[in-house]
Amino acid sequence: MSEELMPDVNGRFGIYGGRYVAETLVPALEELSEQYELIKKDEKFLKEFRDDLKDYVGRPSPLYFAKRWTELLGGAKIYLKREDLNHTGAHKINNTVGQILLAKHMGKKRIIAETGAGQHGVATASVAARHGLECIVFMGEEDIQRQSLNVFRIKLLGAKVVGVNSGTSTLKDAMNEAMRDWVTNVDDTYYIIGSVAGPHPYPQIVRDFNAVVGEEVLEQSKSVIGKDPDMLVACVGGGSNAMGLFYPFIEKNNVRLVGVEAGGLGLSTGKHAAPLNDGKEGVLHGMRTYLMQDDAGQVIETHSVSAGLDYPGVGPEHAWLKDIGRAEYESADDEEALDAFKELTRVEGIMPALETAHGIAYVKKIAPTMREDQSIVVNVSGRGDKDINTVASIEGIEL
Amino acid sequence: MTSKIKEVFSNIKAENRKALITYIVSGDPDTETTIEIMNSMVRQGTDIIELGIPFSDPMAEGISIQKGHERALEKGASLSGAFELLKKFRVNDKKTPIIFMGYMNTFESLGANKFMLEAVKASLDGILIVDMPPEESSNFSIEAKKVGVDIIRLIAPTTSSTRAKKICSQCSGYVYYISVKGITGASNINADEVKAKVSELRSHTDLPIAIGFGIKDSASASSVKDVADGVVAGSVFVDLIGEGGNIIEKVESKTKELSEVLN
C-alpha cells in the first residue's frame, strides 16, 4: 500500500496504530474520524486553517542556512527549519490551530490536553483563549516541577493545569488522565492530543496538521538549497515534529529521513526514552507501537533530560516507517543533547529546546561524515527559553 | 462442556435472583490475601469473580482501582502470577467462575496461544480485555473460542444500537454494560438511563447482561438490579483492601450487603 493512503480504514500503519480503547470512547473516535474526513476536504475550513497558520502562527517559518555551524562541523551544509519562531515557540501550535477549528466545528465547548514539556499545553491554552473555550491541561507533577515557566504561561492564558501524580508523574500519566477525563465528559469535550500518538484518528490528524512543516521545506528547498535536501533530521518523542517534516518527503526516496530519540543516560543503561531503538511492540494509549516495557508487559519508567521526549511510546507511523526501512531512528543521550544545545546557541545565536537539541546532536555527528555538496535540514522544533532552569540546575547555577 | 458462567446464570434465574459479580486486583495487597478474599467473597454470596490483572497504565480505572493496581505491582504481581494464584484458588474451589480483566499489553506479553494453555490449566472461565474492542480482537478471540474461554465484552452508554448488536454477536458468557460515561468508581449512575439502554440490549442478545461501574452499595445495586441479570462491584472492594485493617471482615460484610439486595 502506498504511504499516501496510510493509515488504512482501520487506522493502521502496517500492524501499528489502531484503536485500542475502552468501548465508551470508540463511538467518540468514530465520530471524530467521520468529521475529520469531511472537514479536511472542506474549502472553508482549509482556508481558515491556512489563514490562522499565516496570521496567528506567523508561517511560513524560515529555512535558514546555518553558515557558521556548517563551517565549524566541516561537511554537509546545514539548514535549520525555524519552527522555534512560531507563535508560542514550537511546532506544537500548528496542530492545535487545526484541532481547535475541528473542535468548534463539532460543537464542543470544553478542551482538554496533555502536556510533557508544556509546549503543547501552552499551544492548546493559546488557541483556547483565542476561541474563548474552557481549557484544562493535564501535566505530570514531575514535569510541573521541571517546566514551571510553561505552567505559569498556561495559567496566564486562562487554562487550568491539573497535576497528575499517578504512575511516573510524567507525560504518559498525563495522557492516561486526559483519557479518563475524556471518557467522563465525552459529550461536550474535545481532547486535543499533542503528538502523532493515541488511538486512530489522532496519529493521522496530528500528522496532517503538522505536515505544513515538510510542505514548506519541500518548496523552500528549491530556492534556498537549489535541490532536495539529502537528509532530514528531527527529534522523536511521540514524533509529531518529525512526522510533520517527513510526511511530504516519504515518496522521495532520494531523501534520507532520520528521527532522533532520547538516549537518556545511554541506551546500554536502559535509562532512556528510545522505544524504536530499544523497545518492543506493544499497546499503550490506544495504539499498537514500539514501547518501553518489561517482559511482563508493564510499561517502564523512561528517562530523558527533556520532558517532551520522556515518553515510553512513539507514534505508530514511525514504527511502521522503521519496519519498512523508510526512516532511520538514531538516539542522542542527555550529555550530547546538552552539548548540542550550547553549541547551536553560541555558534548561531539560536537557543533550541532540549528536545530539539537531540536532533542537533545527531547533526553534529553526521554532518562531518558527509560531502560539502550534500545538505541536511534539521527541524528546530522549539526554542529553548523554557529549558533554562533545567540547564542552569545541571550546571549547578541557581537562577 | 457447558461454560461455568452459563451454568451460574441459569441457576440464578431458577432461584429468581441476580448474580453478584465482584472485582478485585490480583495480588492486592498480596497473593495469599487475594485468595483469602476470593474465598470469603464466595462464602458471602459472590457468584462470579473478576480478577483484575495489574497494569502500569490502567486507563479506564478510577483512582481506587488505579491504586489497587499500583499496590499489586509493588508486590511484583503479574499475569503469570495471576495464573499461579488461580491454580491455588482452584484447589478448594472448582466451580466459581473466574474472569481475568485487564489491558491488552499484559495479555499480549504472554501471547494468545500460551495464555489459553495456562487458562485451561488454571480452569479460567473468561477474559475481559478493556482496551480490546471487537475491531482489535486479533487472535485472542480465536484462541479463546478454541478452548472454551468466554470473551466478555463491554457496551457503553455511547454505543449505538447497530454497534451494540455487532458487539453482542462477538461476545460470550455475559455482556458487561457500563452504566456511566466515565471510569470505574464513578458516582453519577442514572438508573432510568441504564434501564432504557439495557432493555434495548435485550433485543440484540440472549446473553445475560451484567451492569457495572458505579455500583458501590445496596442502594446503587438495587437501583439497577431489576433490569440486569447481574451486578458488578469493584472499586468499593478495592477501596476496602486499600484501607487495610481487617480486610477479610470488611470484604465479607460488604459482599453480604450486596448479595442480600440481589436475592
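Worth saying up front: this structure is predicted, and the values here are computed from it rather than measured.

**Describing the overall build of chain A**
Inference 1: Secondary structure summary: chain A contains 16 helices and 14 strands in total.
Inference 2: Taken over C-alpha atoms, the radius of gyration comes to 19 Å for chain A, in line with the 21 Å a tight globule of 399 residues would show.
Inference 3: Principal-axis analysis of the C-alpha atoms places the extent of chain A at approximately 55 × 50 × 45 Å.
Inference 4: Looking at chain A residue by residue over its 399 residues, the buried ones come to 66%.
Inference 5: The contacts in chain A between residues at least 6 apart in sequence include a share of 73% that link residues at least 24 apart.
Inference 6: Distance between charge centres in chain A, computed from 43 positive and 59 negative side chains, equals 4 Å.

**Some words on the pattern of salt bridges**
Inference 1: Throughout the structure, instances matching the rule amount to 50 salt bridges over all chains.
Inference 2: In this structure, A:Arg110 engages A:Asp181 in a salt bridge whose closest nitrogen and oxygen atoms are separated by 2.8 Å. Here the residue A:Arg110 occupies a position in strand E5 (residues 110-115), and A:Asp181 occupies one in helix H8 (residues 171-184), the gap between them amounting to 71 residues. No difference in accessibility class separates A:Arg110 from A:Asp181, as the two residues are buried.
Inference 3: The residue A:Asp373 makes a salt bridge to A:Arg371 at a minimum N-O spacing of 2.9 Å.
Inference 4: Of the residues examined, A:Asp373 reaches a relative accessible area of 42% and is grouped as partly exposed.
Inference 5: Through salt bridges with shared partners, a single network forms among A:Glu23, A:Glu30, B:Glu135, B:Arg163 and B:Lys166.

**Quick word on a nonpolar patch on the surface**
Inference 1: Where nonpolar side chains cluster on the molecular surface, the patch consists of A:Met351, A:Ile388, A:Ile397 and A:Leu399 and spans about 370 Å² of accessible area.
Inference 2: By secondary structure assignment, the location of A:Met351 is in the loop between helix H14 (334-348) and helix H15 (354-366).

**Structural notes on the interface of chain B and chain A**
Inference 1: Facing 34 residues of chain B, the contacting portion of chain A comprises 35 residues.
Inference 2: Summed over both sides, the interface between chain B and chain A buries roughly 2700 Å², with carbon and sulfur atoms accounting for 49% of that surface.
Inference 3: It is B:Met59, B:Asn105 and B:Glu136 in chain B that bury the most area against chain A; as a group they hold 25% of the surface buried on that side.
Inference 4: At the surface where chain B touches chain A, the tally comes to six salt bridges.
Inference 5: Here B:Glu136 and A:Arg12 are joined by a salt bridge, their closest N and O atoms 2.0 Å apart.
Inference 6: For the interface between chain B and chain A, the tally reads 23 residue pairs in polar contact (both at pLDDT 80 or more).
Inference 7: Secondary-structure elements contributing two or more residues to the side of chain B that touches chain A are helix H3 (63-74), helix H5 (104-110), strand E6 (153-155) and helix H8 (161-169) of chain B.
Inference 8: Residues belonging to the side of chain B that touches chain A are distributed by class as follows: 16 nonpolar, nine polar and nine charged.

**Considering the sheet that holds strand E3 (residues 98-102) of chain B**
All names here are of chain B.
Inference 1: Pairing is parallel in the open sheet, where nine strands are placed in the order E5-E4-E3-E2-E1-E9-E8-E7-E6. With partners counted over all chains shown, the strands left at the sheet margins are strand E5 (150-151) and E6, one partner each.
Inference 2: Bridging between strand E4 (residues 126-129) and E5 involves two bridges; their strand directions are parallel. Paired with Gly126 across the strands is Asp150, a residue of E5.

**Considering the sheet that holds strand E13 (residues 327-333) of chain A**
Residues and elements named next belong to chain A.
Inference 1: On the basis of which strands lie adjacent, the open sheet formed by six strands has the order E3-E4-E14-E9-E10-E13 and mixed pairing. The open sheet has two free edges, formed respectively by strand E3 (63-65) and E13, since each of these has just one partner strand. Averaged over all pairs of adjacent strands, the angle between their axes in this sheet comes to 30°, without regard to strand direction.
Inference 2: Here strand E4 (residues 77-81) pairs with strand E14 (residues 375-379) via five bridges, running parallel. Bridging from a neighbouring strand, Ile78 pairs with Ile376 of E14.
Inference 3: The strands touched by H14 within the sheet are E3, E4, strand E10 (256-264) and E13, with E13 carrying the most contacts at an inclination of about 90°.

**What to know about the pairing of E4(A)**
All names here are of chain A.
Inference 1: Most of E4 is tucked away, with four of its five residues classed as buried.
Inference 2: Two elements, E3 and E4, share three bridges in a ladder whose sense is antiparallel. Within E4, the position partnered with Leu63 by the bridge is Lys81.

Conventions adopted
- Residues numbered from 1 in each chain as written.
- Chains lettered and ligands numbered in written order.
- Predicted model: local features only at pLDDT ≥ 70, side-chain atom pairs only at ≥ 80, totals over all residues.
- Heavy atoms only, no water.
- Helix = DSSP H or I, 4+ residues; strand = E, 2+ residues; numbered from the N terminus.
- Rg over C-alpha atoms; globule rule 2.2 N^0.38 Å.
- Buried < 20%, exposed > 50% of the residue type's maximum accessible area, 1.4 Å probe, protein only.
- Contact = heavy atoms within 4.5 Å.
- Lys, Arg positive; Asp, Glu negative; His and termini not counted.
- Charge placed at Lys NZ, Arg CZ, Asp CG, Glu CD.
- Salt bridge = Lys/Arg side-chain N within 4 Å of Asp/Glu carboxyl O.
- Patch = residues over 30% accessible without salt bridge, like charges linked within 9 Å, V, L, I, M, F, W, Y side chains within 5 Å.
- Areas by Shrake-Rupley, 256 points an atom, 1.4 Å probe, with all protein chains shown as cover.
- Buried area = accessible area lost by both parts, 1.4 Å probe.
- Polar contact = N/O pair within 3.5 Å; in protein donor to acceptor, adjacent residues only side chain to side chain.
- Nonpolar A, V, L, I, M, F, W, Y, C, P; charged D, E, K, R; others polar.
- Pairing = 2+ DSSP bridges.
- Axes fitted to C-alpha atoms, helices over the stretch in contact; angles between N-to-C directions.

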